[in-house]
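Summary of structural features
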Amino acid sequence: MKRHVAISSSFCLIVGLVGMALAFSWLFALTPRPRNIEIIRPNLTVNTRALSSFNYLNYNTDNEGLYWLKFDTAPMIYPLSRLKMRTMNCVHEMNTNHGDWKLPSGLQNVCDNREGLLLINTAPFLATKTQWRFAGSTRGDSYGVLLEKDWTDLPVAAGLMLLTLSLALILYARLPAHHFAERLVVVSFLILAFLFRFWLVFIEAPPQFSLFSDMGAYFSRSEEILRGHFRLDQLFQPIGFTLWSLWLRELGDFELFNWAQVFFSWGTVVLIYLMVRERFGSLAGAISVLISAAYVPLAGFATFHMAENAYAFFISLILWLILRTLKNQKLRGFFLIGLFMATAFYFKGNHAFFIPFFALWLLYRDRHHFTKGIAKVTLLGLGCTLVVAPHMAWTWKHYGKPQLGPTAGALNFVEGKCPSKDNEDSTGARWMSPMFGFTNERIYKKWDRPFTDQTYFWNAGFNCVKQDPMVLVSSLRYIYYLAFGNPLWPHISTDVQKLYYPWENFFYYGMLPLTLLGLLILRKDKEAFNQASALLMLSLFLTVWFFKSENRFRVPFDALLIAWSSVGASWALLKVLSISGRLTVHLRNLFIKAPVIVQITHQEKPSSAEPNQS
């Protein structure tokens, strides 16, 4: 019987992997890819090496005027009979070397059409090499067009269906489960989570349409680096996401980047489920996948060209690796933890304090086996070094000086400890955290040094502390601001807001109370993973107290809140269901074969102990 199950799982896995490869090959083959993109800007300058068929600009009336765009598409193996054309600003004329197109006259169809204008009878144009030419106008911000597949078109929908079924087979083969019913429920939730993120990224709010503020800055830096222009202010934020985005878009344009966003976000859901189920049991795991599948802040970050989406995945991966490594005590696990800790740091650095804290905690935990503790920390450091060293070498080569991390740290310290929250440097760069807009702290200051002069700004921040030592006490408010006092930016600035605000009520009135209940249940549990995860959250508190805070700083760490709230919800559910004994027994038989709240390891379990399922 076990052999039959193993063969079935292996068969599902192989079929799923093959189907996934075929689905992606088919979907990418159906995509019209612009090549040799040339853009004539309103000021009549020409960009002959454009990365995309749109031109990114921050809003400026000096950029207002007419533009012209042209690009080529290669002959397609299966030319689609219809496409969708999304527009940024307005497109007034469209023609090709095979004929002209008549566009609708209504401005609502040709100006800022994010849903997409349907183009029919496109197969003859896609079957051969075609040059597409557009003329349009801009009011001063980003402009251009995006030619995309129509996901309701049968060949495209079939590819998406094949991909979805393939993922379901892979999940069915690999997910841990005690019963078919448990496996079916969890796989269904995970597939819905995948489709939800696909809908957000490819249909509702593609990242290309939210290139402003941080998102636009990442995009601009990547274009500068592609053209061989290196400036120290490109390291203002961690460089990892900029290089990652550039590499993906060079390889497969925004379509590949968007798929990466979907799978990073969906991978976070999968990792949260695996972590919660292994540590707290099947019922808590099922609840965690239900919460995380519909978790709007994490899903919403997939729609933005910014680092938080990948960062949330890395934080969840680190937590899962810590859980597994502390359980099996394999030394290679500590190496992988260090490797991904450093990788995550070059996407976002809010866990920076956790790295040394975790190393010290390992030494303390193995204080009676000091050699073993030293070996773990050494491998942890080796993993970090393998990422940090190439970063320092790369920055030394291109910026003339090895950089350990981003250059924004000193300015963040100034923002958190000095009265000025709206800061402008000597180069004209201006920075203000969205949170201070919500708290109405808008004191402006012009500095006579660039933000990249970290020594100067560190000294300025410490001078503010000397002048007003009570700021160290008032900075405790930044812990509060991780969840309260400011809505989640940038979700509130795009179409995602219609999903965010209803979810916000659930977070405050449902999830946070369940999180507190879960922590109350776990308060006496001395299990190592509980201590490590609490240390991670405390290190985030220390980070925001030392620097500054925003609601979005917390979201990548919400894997912990989801885990703790799942513990609280599973405990509360069992209490409620205890009123009906028959239903409780059925639920236990269906989901609970592992402990629900506290899992006793084989090493700690007394010979007479039974798993605690209360």
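Residues numbered from 1 in each chain as written. Predicted model: local features only at pLDDT ≥ 70, side-chain atom pairs only at ≥ 80, totals over all residues. Heavy atoms only, no water.

1. Looking at the overall build of the chain
Of regular secondary structure, the chain possesses 23 helices and 13 strands. Rg of the C-alpha trace for the chain: 26 Å, near the compact-globule value of 25 Å for 614 residues, within the 12% margin. By residue count, 54% of the 614 residues in the chain fall in the buried class. At a minimum sequence separation of 6, the contacts of the chain that also span at least 24 residues come to 77%. Summed over all atoms, the accessible surface of the chain reaches about 27100 Å², with 63% contributed by carbon and sulfur. Separation of charge centres in the chain, based on 57 positive and 40 negative side chains, amounts to 11 Å. (Helix = DSSP H or I, 4+ residues; strand = E, 2+ residues; numbered from the N terminus. Rg over C-alpha atoms; globule rule 2.2 N^0.38 Å. Buried < 20%, exposed > 50% of the residue type's maximum accessible area, 1.4 Å probe, protein only. Contact = heavy atoms within 4.5 Å. Areas by Shrake-Rupley, 256 points an atom, 1.4 Å probe, with all protein chains shown as cover. Lys, Arg positive; Asp, Glu negative; His and termini not counted. Charge placed at Lys NZ, Arg CZ, Asp CG, Glu CD.)

2. Thoughts on the nonpolar core
By size, the foremost hydrophobic cluster in this structure holds 100 residues, and its most contacted members are Ile 322, Ile 337 and Phe 358. If you tally residues by element for this core, the top one is helix α10 (residues 308–328), at 13 residues. In this structure Ile 337 touches Ile 318, Leu 321, Ile 322, Thr 325, Phe 358 and Leu 380, once residues within four positions along its chain are discounted. Listed in part, the 57 residues of the second largest apolar core include Phe 71, Leu 167, Phe 263 and Val 270. (Core = buried A, V, L, I, M, F, W, Y, C linked by side-chain atoms within 4.5 Å.)

3. Concerning the pairing of strand β10 (residues 143–149)
Within β10, 7 of the 7 residues are buried, which leaves it mostly tucked inside the rest of the structure. With 2 bridges joining them, strand β3 (residues 54–55) and β10 adopt antiparallel strand pairing. Looking at β10, one finds that Asn 55 is bridged to Tyr 143. Where strand β5 (residues 82–88) and β10 come together, 6 bridges link them in antiparallel fashion. From the neighbouring strand, Leu 83 faces β10, where its bridge partner is Lys 149. (Pairing = 2+ DSSP bridges.)

4. Concerning the state of the cysteines
In the structure shown here, the tally under the stated rule is 2 disulfides. Disulfide partner of Cys 90: Cys 111, at an S-S distance of 1.9 Å. Taking the sign of the S-S torsion, 115 degrees for the link of Cys 90 and Cys 111, the bridge is right-handed. You can see Cys 90 sitting in strand β6 (residues 90–96) and its partner Cys 111 sitting in the loop between α2 (107–110) and β8 (117–120), a full 21 residues away along the chain. Residues Cys 90 and Cys 111 agree in their burial class; the two are buried. Each sulfur of the disulfide joining Cys 418 and Cys 464 lies 2.0 Å from the other. (Disulfide = S-S within 2.5 Å.)

5. A short note on the packing of aromatic side chains
Counted by the stated rule, this structure contains 69 aromatic pairs. Consider the rings of Phe 194 and Trp 259, whose centres lie 6.4 Å apart with planes at 15 degrees: the pair is stacked. Residue Phe 194 is found in helix α5 (residues 180–204), and its partner Trp 259 is found in helix α7 (residues 239–280); the two are separated by 65 residues along the sequence. Overall, the relative accessible area of 2% leaves Trp 259 in the buried class. An angle of 45 degrees between the planes, with centres 6.3 Å apart, marks the rings of Trp 458 and Phe 546 as tilted. (Phe/Tyr/Trp six-rings, centres within 6.5 Å; stacked < 30°, edge-to-face > 60°.)

6. What about the sheet that holds β8?
If you trace the 4 strands from one edge of the open sheet to the other, you get β3-β10-β5-β8, paired in antiparallel fashion. Each edge of the open sheet carries a strand with a single partner, namely β3 and β8.

7. Observations regarding the sheet that holds strand β4 (residues 65–73)
One open sheet holds the 6 strands; their spatial order is β2-β1-β4-β9-β6-β7, and the pairing between them is antiparallel. Because the sheet does not close on itself, it has two edges, and the strands there are β2 (46–47) and β7 (99–101). Here β6 runs beside β7; their pairing, made up of 3 bridges, is antiparallel. Directly across from Met 94, in β7, lies its bridge partner Trp 101.

8. Brief notes about the environment of Ala 293
For Ala 293, the location among the structural elements is in helix α8 (residues 282–293). Among the residues examined, Ala 293 registers a relative accessible area of 12% and is labelled buried.

9. Some points on unusual backbone geometry
In this structure, the amide linkage connecting Trp 489 to the following residue, Pro 490, adopts the cis form with an omega of 10 degrees. For Pro 490, the position within the fold is in the loop between α18 (477–480) and α19 (497–522). Of note in this structure, Asp 112 is not a glycine but carries a positive phi near 50 degrees. Mapping Asp 112 onto the fold places it in the loop between α2 and β8.

10. Structural notes on α10
The first and last C-alpha atoms of α10 sit 30 Å apart over 21 residues, in line with the 30 Å expected at 1.5 Å per residue. Counting buried positions along α10 yields 17 of 21 residues, so the element is predominantly enclosed. Residue Gln 329 follows α10 closely and has a positive phi angle near 60 degrees. (Expected span 1.5 Å × (residues − 1).)

11. Here's the deal with the pairing of β6
Burial analysis of β6 places 5 of its 7 residues in the buried class, the great majority of the element. Bridge count for β6 against strand β9 (residues 130–138) is 6 bridges, and the pairing is antiparallel. Within β9, the residue paired with Thr 96 across the bridge is Trp 132. Counting the residues between successive antiparallel strands, the hairpin from β6 to β7 contains 2 residues.

12. Details of the pattern of salt bridges
Pairs can form between side chains of opposite charge whenever their charged atoms are close. All chains considered together, the criterion is met by 25 salt bridges. Asp 233 is the salt-bridge partner of Arg 231, the closest N and O atoms lying 3.2 Å from each other. Note on Arg 231: relative accessible area 39%, which makes it partly exposed. Each member of the salt-bridge network shares a partner with another, and the members are Asp 214, Glu 308, Lys 348, Glu 550 and Arg 552. (Salt bridge = Lys/Arg side-chain N within 4 Å of Asp/Glu carboxyl O.)

13. Structural notes on a nonpolar patch on the surface
A contiguous nonpolar surface patch, about 360 Å² in accessible area, is contributed by Ile 14, Val 18, Leu 22 and Leu 162. Ranked by residues supplied to the nonpolar patch, first place goes to helix α1 (residues 2–29) with 3 residues. Tracing the backbone shows Ile 14 in helix α1. For Ile 14, a relative accessible area of 54% gives the class exposed. (Patch = residues over 30% accessible without salt bridge, like charges linked within 9 Å, V, L, I, M, F, W, Y side chains within 5 Å.)

Function-wise, these values are silent; they only describe arrangement.
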